[in-house]
Amino acid sequence: MTVKEAVVNNRVGLYARPATFFIQKANEFKSSIWMEKDERRVNAKSLLGVLSLGVVQGTTVTLIADGVDEAEAIDSLVQLLAEGLG
């Protein structure tokens, strides 16, 4: 299991389009991936789950991955959040 914290740098946070980009990237990996914010954990491959966290710009989230490509998945997703999701 790999765990890392990431800061969301997108100016609108993880809403609609940015969340979709994040989820599409998460779905490229075989590992199970979760996102945590304030003691709530959701499936990071689920649009409804990610949107339910209400992540805004500057929020620190914890990404957790478990599986064959967990390290690559976490590194890629942390970088995506840091870059502002395109």
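In this report, we go over the structure that sits alongside the text. If you're wondering where the values come from, they're calculated on a predicted model, not measured in any experiment. Within every chain, residues take consecutive numbers counted from 1 along the sequence as written. Note on the predicted model: pLDDT of at least 70 is required for a residue's local features to be given, and 80 or more for side-chain atom pairs to be given and counted; whole-chain, interface and lining totals, by contrast, use all residues. Here the side-chain values reflect all heavy atoms present in the structure, with hydrogen atoms and water set aside.

**Observations concerning the nonpolar core**
For the purposes of this section, nonpolar cores are sets of buried Ala, Val, Leu, Ile, Met, Phe, Trp, Tyr and Cys residues that join through side-chain atoms within 4.5 Å. Relative accessible area decides the class of each residue, using a 1.4 Å probe on protein chains only: under 20% of the type maximum gives buried, over 50% gives exposed, and in between gives partly exposed. In terms of nonpolar packing, the biggest core is built from 25 residues, with L14, F22, I33, M35, L63 and L81 touching the most fellow members. No other element matches the six residues that helix α3 (residues 70-82) contributes to this core. Ignoring any residue separated from it by four or fewer positions in sequence, one finds M35 in contact with L14, F22, R40, R41, V42, A44, L53, V55, V61, T62 and L63. Helix numbering and strand numbering both begin at the N terminus, where a helix is a DSSP run of H or I of at least 4 residues and a strand a DSSP run of E of at least 2. Only heavy atoms enter the contact rule, under which two residues are in contact if any of them lie within 4.5 Å.

**Some details on the pairing of strand β3 (residues 40-43)**
By the convention used here, strands pair only if DSSP detects at least 2 bridges between them. Both strand β2 (residues 32-37) and β3 contribute to a ladder of four bridges, which runs antiparallel. By the bridge assignment, K37 is partnered in β3 with R40. Hairpin connection between β2 and β3: a loop of two residues separates the two successive antiparallel strands, and D38 in this loop has a positive phi of roughly 50°.

**A few points about the pairing of β2**
Every second residue of β2 is oriented toward a common face, the buried set being I33, M35 and K37 and the non-buried set S32, W34 and E36. Relative to strand β4 (residues 60-66), β2 runs antiparallel, the two sharing five bridges. Opposite E36, over in β4, you have T62 as the bridge partner.

**With respect to the sheet that holds strand β1 (residues 2-7)**
Taken in spatial order, the four strands line up as β1-β4-β2-β3 in an open sheet, and their pairing is antiparallel. Each of the sheet's edge strands pairs with one partner strand only, and the pair in question is β1 and β3. Strand-to-strand twist of the sheet, defined as the mean angle between neighbouring strand axes without regard to direction, takes the value 25°. For helices, the fitted axis covers only the stretch in contact; all axes are lines through C-alpha atoms, and the angles between them, taken along N-to-C directions, range from 0 to 180 degrees. Packing against the sheet, α3 makes contact with β1, β2 and β4, and its axis sits at approximately 5° to β1.

**Looking at the environment of R11**
Its location among the elements puts R11 in the loop between β1 and α1 (16-26). Look at R11 and you get exposed, because its relative accessible area is 72%. Here the alpha-carbon distance between R11 and G58, two residues 47 residues apart in the chain, equals 8.4 Å.

**A word on the packing of aromatic side chains**
The rule is short: rings of Phe, Tyr and Trp, with Trp giving its six-membered ring, pair when the centres are within 6.5 Å, and they are stacked under 30 degrees, edge-to-face over 60, tilted in between. According to the stated counting rule, one finds zero aromatic pairs in the structure shown. Geometrically, a charge over a ring is one whose NZ (Lys) or CZ (Arg) sits within 6 Å of the ring centre while staying within 35 degrees of the ring normal. Stacked on the ring of W34, the Lys or Arg R41 has its end atom at 5.8 Å from the ring centre.

**Side note on the side chain of T2**
Locating T2 in the fold gives a position in strand β1. In terms of polar contacts, T2 uses its side chain to reach the side chain of E70, at 3.0 Å. The residues touching T2, leaving out its near neighbours within four places in the chain, are L63, I64, A65, E70, A71 and I74. Here a polar contact is recorded for every N or O atom pair within 3.5 Å, except that within protein the pair must consist of a potential hydrogen donor and a potential acceptor, and residues adjacent in sequence are included only if both atoms are side-chain atoms.

**Digging into the environment of I74**
Here I74 shows up in helix α3. Each C-alpha atom, one on I74 and one on S31, is 9.7 Å from the other, the two residues being 43 residues apart in sequence. What I74 contacts, discounting residues up to four positions off in sequence, is T2, K4, L63, I64 and A65.

Note that every value here comes from positions in space, so none of it alone points to a role or purpose.
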